[in-house]
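Structural features, examined
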Amino acid sequence: MSTLIEIGEEERQPLLHNPRTHGNEEEIVASSSSIEPDALKLTLNDSGQRLLSLDVFRGLTVALMILVDDAGGAFPSINHAPWFGLTIADFVMPFFLFGVGVSISLVFKKTSSKPLATKKVILRTIKLFLLGLFLQGGYFHGRNNLTYGVDMVTVRWLGVLQRISIGYLLASISEIWLVKNVLVDSPAAFVRKYFVQWIVATLLLSFYMCLLYGLYVPNWEFQPPSLNLSTNGSHAQIVQCGVKGSLEPPCNAVGYIDRYFLGEEHLYRHPVYRRTKECSVNSPDYGPLPPDSPEWCLAPFDPEGILRNFCSSLMAVLTCFAGLHFGHILLHCKGQMHRVLVWSMSSFTLLISGLGLEVLGIPFSKPLYTLSYMCITAGASTLILTIIFYIVDVKHFGKPVVLLQWMGMNALIIYALAACDIFPAAVQGFYWGSPENNLVDGMESLLQAMLHSSKWGTLAFVLLEILFWCLVGGFLHMKGIYVKL
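Calculation rules
Residues numbered from 1 in each chain as written. Predicted model: local features only at pLDDT ≥ 70, side-chain atom pairs only at ≥ 80, totals over all residues. Heavy atoms only, no water. pLDDT = per-residue confidence, 0-100. Contact = heavy atoms within 4.5 Å. Helix = DSSP H or I, 4+ residues; strand = E, 2+ residues; numbered from the N terminus. Buried < 20%, exposed > 50% of the residue type's maximum accessible area, 1.4 Å probe, protein only. Disulfide = S-S within 2.5 Å. Axes fitted to C-alpha atoms, helices over the stretch in contact; angles between N-to-C directions. Parallel < 35°, antiparallel > 145°, perpendicular 65-115°, else oblique. Left-handed = near helix turned anticlockwise from the far one by under 90°. Nonpolar A, V, L, I, M, F, W, Y, C, P; charged D, E, K, R; others polar. Core = buried A, V, L, I, M, F, W, Y, C linked by side-chain atoms within 4.5 Å. Salt bridge = Lys/Arg side-chain N within 4 Å of Asp/Glu carboxyl O. Expected span 1.5 Å × (residues − 1). Polar contact = N/O pair within 3.5 Å; in protein donor to acceptor, adjacent residues only side chain to side chain.

**A few points about the confidence of the model for the protein**
A residue-level look at the protein finds 81% of positions with pLDDT of 70 or above and a mean pLDDT of 81. Long-range and interchain partners of residues 227-233, a stretch whose pLDDT sits below 50, account for eight contacts in this model, where long-range means more than four residues apart.

Now the structure itself:
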């Protein structure tokens, strides 16, 4: 990683040109970086101002991730839905992917050399994937655990950053190679320019749906953790399936493909379905197993597995495609309110489609990244970014959200240090007498005592944590430091 933003020659020009200017105006084009591997430079043809709303959107996404990760234990209602359903936490990953798509559409508006651009995309994909493996593969053990290291036999190959890297790869390749060189001067020309890209997205969707509903899932067995069994730890549990089209935790095609290709030992050991009523007496929170719990409650399941990553960048990449569409509208609609109108129509179309699919029997499920979930979260992403765009870039009312803007300008480093618990775990390494007496736990305990509530004290601590990282982002911004791959 570097503090210098590197962009190709084709990326150095403003992506939208103001025909009323003559090349000597001052352009607000401060570079930023984020979890998206590419930098973004943009001037709006109506105001000559940088697109700040995307930075605010990224910052909001990182702030939400810190909130739900660190306060979700105290408030299960904001944590991920146990299997079916939606909570605020279930919107975080789609927000990331949507932002990736928007950035890609802007960065690759003009590409002087497609092979060179493809090479850069592949290299950035590899670096982001390896960073995700390092941060989320099990090497770091998180807060309250002053150890590190991972057994390569049980390393977790796929995680959040790995999924983003795959979505970035597929969306970027489609933007580089599948967009036609057509002058967009009408809605029909807009369709012709991006028609092939939409066809590919439809094929990816069709392939995923065929696998999800058409793949036969046989009976399977797994090795449960010995500490959870009263019998010998070597006793294997058999899960009865033999079905097609099941979306339930034990017998879905997503889990079957991950077990087949990755192996049980490389899957996530704390899946969200352990918070379902079948698997937890404290549902929707984690808890002891009910007396009549099914055998699959102890089985692993990876929420970022193969079908949801390499092929669902069959589904997750469709969220990136929604971001691409948002960026294409930004580039080809010259009036600010025209953009807002088209984006609003697109967002409500996706939201209504998601709700309609749920009514028709395709439930919202983040672990399976179902079609209804993709539509509802992509629609929410579009709507929220549209609102932010109107407030920040159209009305120039950005001061109330400047903290989120700072965080969004360095989303990658803040995500790595905060959301992956690198910084809190490092601070906990300095303690007095025993590991429990450290600054992180001490501050949280103090707030809990002051508020006479463990839940609200934890929430106050998390909000202070978010404020801290916003200020860190502001400090890096003032120093001109923008960390990227």
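Alright, that's what it looks like, and here's the rest.
**Quick look at the side chain of E465**
Position of E465 relative to the elements: it lies in helix 15 (residues 454-478). You can call E465 buried: its relative accessible area is 9%. In contact with E465, other than residues within four places in its own chain, are I66, D70 and P424.

**Concerning the state of the cysteines**
The tally for this structure, following the rule as stated, stands at two disulfides. A sulfur-sulfur distance of 1.9 Å marks the disulfide that ties C279 to C297. Taking the torsion about the sulfur-sulfur bond, which here is approximately -80 degrees, the covalent link between C279 and C297 counts as left-handed. A residue pair is termed long-range when its members are at least 10 positions apart, and C279 in the loop between helix 6 (253-261) and helix 7 (306-309) and C297 in the loop between helix 6 and helix 7 qualify at 18 residues. Since its relative accessible area comes to 1%, C297 is described here as buried. Along the protein, the cysteines engaged in disulfide bonds are linked according to the scheme 1-2, 3-4 when indexed in sequence order.

**Side note on the environment of E295**
Its location among the elements puts E295 in the loop between helix 6 and helix 7. Spatially, the C-alpha atom of E295 lies 9.2 Å from that of P250, the residues being 45 residues apart in sequence. Apart from residues no more than four positions distant in its own chain, E295 is found in contact with F222, Q237, I238, V239 and Q240.

**Points about the packing of helix 8 (residues 316-332) against helix 10 (residues 371-394)**
At their nearest, the axes of helix 8 and helix 10 sit 10 Å apart, and the two run at 30 degrees to each other. Relative to helix 10, the element helix 8 lies roughly parallel. Seen from above, helix 8 lies across helix 10 with right-handed handedness. Side by side, helix 8 and helix 10 meet where L318, T319, A322, F326 and L330 of the first sit next to M374, A378, T382, L385, T386 and F389 of the second. The residue makeup of the contact of helix 8 with helix 10, split by class, is eight nonpolar, three polar and no charged.

**Remarks on the nonpolar core**
Ranked by internal contacts, the top residues of the largest apolar core, which has 122 residues, are I164 and Y208. At 12 residues, the largest contribution of residues to this core is made by helix 10.

**Comments concerning the pattern of salt bridges**
Counting across every chain of the model gives one salt bridge. The closest approach of N and O atoms between R58 and D55, which form a salt bridge, is 3.0 Å. Of this pair, R58 and D55 both sit in helix 1 (residues 53-71), three residues apart, roughly one helical turn. Classification of D55 by relative accessible area gives buried; the value is 0%.

**A closer look at helix 15**
The terminal C-alpha atoms of helix 15 lie 36 Å apart, and with 25 residues this matches the ideal 36 Å at 1.5 Å per residue to within 8%. The N-cap of helix 15, judged by a side-chain oxygen 3.4 Å from the amide nitrogen of K455 a few residues on, is S453. One or two steps after helix 15, the chain reaches G480, where phi turns positive at roughly 70 degrees.

**Some details on the environment of L404**
Note that L404 resides in helix 11 (residues 402-409). On a C-alpha basis, the gap between L404 and I466 in space is 9.5 Å, while along the polypeptide they are 62 residues apart. Other than its neighbours up to four places away in sequence, L404 contacts D55, V56, G59, L60, A63 and C470.

**Points about unusual backbone geometry**
With omega at 15 degrees, the peptide bond leading from S283 into P284 counts as cis. Of note, P284 is situated in the loop between helix 6 and helix 7. A positive phi angle is found at H396, which is not glycine, with a value near 55 degrees. Examined against the element boundaries, H396 turns out to sit in the loop between helix 10 and helix 11. Residue class for H396 comes out partly exposed when judged on its relative accessible area of 44%. Phi angles above zero are rare outside glycine, and H452 is one such case at about 55 degrees. Tracing the backbone shows H452 in the loop between helix 14 (439-451) and helix 15.

**Concerning helix 10**
With 24 residues, helix 10 extends 32 Å between its outermost C-alpha atoms, agreeing within 8% with the 34 Å of an ideal straight helix rising 1.5 Å per residue. The buried fraction of helix 10 is high, at 19 of 24 residues. Looking one or two places after helix 10, you find H396, whose phi comes out positive at around 55 degrees.

**Notes on the environment of E444**
Structurally, E444 is set in helix 14. The class of E444 is buried, set by a relative accessible area of 15%. With 17 residues separating them along the chain, E444 and F461 place their C-alpha atoms 5.6 Å apart. When sequence neighbours within four positions are dropped, the list of residues in contact with E444 reads R143, T458 and F461.

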